[in-house]
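Topology and contacts: notes
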Amino acid sequence: MSKTFTWADVADHNSRKSTWLVVENEVFDCTKFLEEHPGGEEVIMENAGFDATDAFDEIGHSDDAKDLLKSMKIGTLVDSVSKCCCLPM
């Protein structure tokens, strides 16, 4: 069974020491990948602690990149309806 996380859980992981993203309601720990990301760590950090689905889809990632992301999955988002509470103002 996969671990479940809330938006509050995800929002706490928005630093270079702990970098979580949400893509398609799945939670990924990308901390160890920051320095390896071909587009630079800034791209990941802009979405750290937030929903990165649109950013991930818009860039047109390869199948290899999608498989790599899957390897970083740590769980599933449980309160996807209330994501607005954690969006920047």
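What this report covers is the structure whose coordinates are included nearby. Worth saying up front: this structure is predicted, and the values here are computed from it rather than measured.

About the cut-offs
Residues numbered from 1 in each chain as written. Predicted model: local features only at pLDDT ≥ 70, side-chain atom pairs only at ≥ 80, totals over all residues. Heavy atoms only, no water. Helix = DSSP H or I, 4+ residues; strand = E, 2+ residues; numbered from the N terminus. Buried < 20%, exposed > 50% of the residue type's maximum accessible area, 1.4 Å probe, protein only. Core = buried A, V, L, I, M, F, W, Y, C linked by side-chain atoms within 4.5 Å. Contact = heavy atoms within 4.5 Å. Polar contact = N/O pair within 3.5 Å; in protein donor to acceptor, adjacent residues only side chain to side chain. Phe/Tyr/Trp six-rings, centres within 6.5 Å; stacked < 30°, edge-to-face > 60°.

One non-glycine residue, Glu24, adopts positive backbone phi at about 55°. Here Glu24 lies in the loop between β3 (18-23) and β4 (26-29). What makes Glu24 exposed here is its relative accessible area of 51%. The phi torsion at Asn25 lies on the positive side, around 65°, for a residue other than glycine. Mapped onto the secondary structure, Asn25 falls in the loop between β3 and β4. We classify Asn25 as partly exposed; its relative accessible area is 33%.

Let's shift gears to the nonpolar core. Leu21, Val23, Phe28, Cys30, Ile44, Leu69 and Met72 are the most contacted members of the largest nonpolar core, which has 13 residues in total. Secondary structure elements with two or more residues in this core: β3 and α2 (41-47). The contact partners of Cys30, leaving out residues within four places of it in the chain, are Thr19, Leu21, Ile44, Leu69 and Met72. Listed in part, the seven residues of the second largest apolar core include Phe5, Trp7, Val10 and Leu77.

For Glu41, the position within the fold is in helix α2. At 2.4 Å, the side chain of Glu41 and the side chain of Arg16 are in polar contact. Excluding residues within four positions of it along the chain, Glu41 makes contact with Arg16, Leu34 and Glu35.

Turning next to the packing of aromatic side chains. In total, this model carries one aromatic pair according to the counting rule given. Their ring planes at 70° and their centres at 4.8 Å tell us that Phe5 and Trp20 sit as a pair that is edge-to-face. In this pair, Phe5 is assigned in strand β1 (residues 4-5) and Trp20 in strand β3, connecting sequence segments 15 residues apart. Trp20 sits in the buried class, given a relative accessible area of 9%.

These results come straight from atomic positions and should not be treated as a statement about function.
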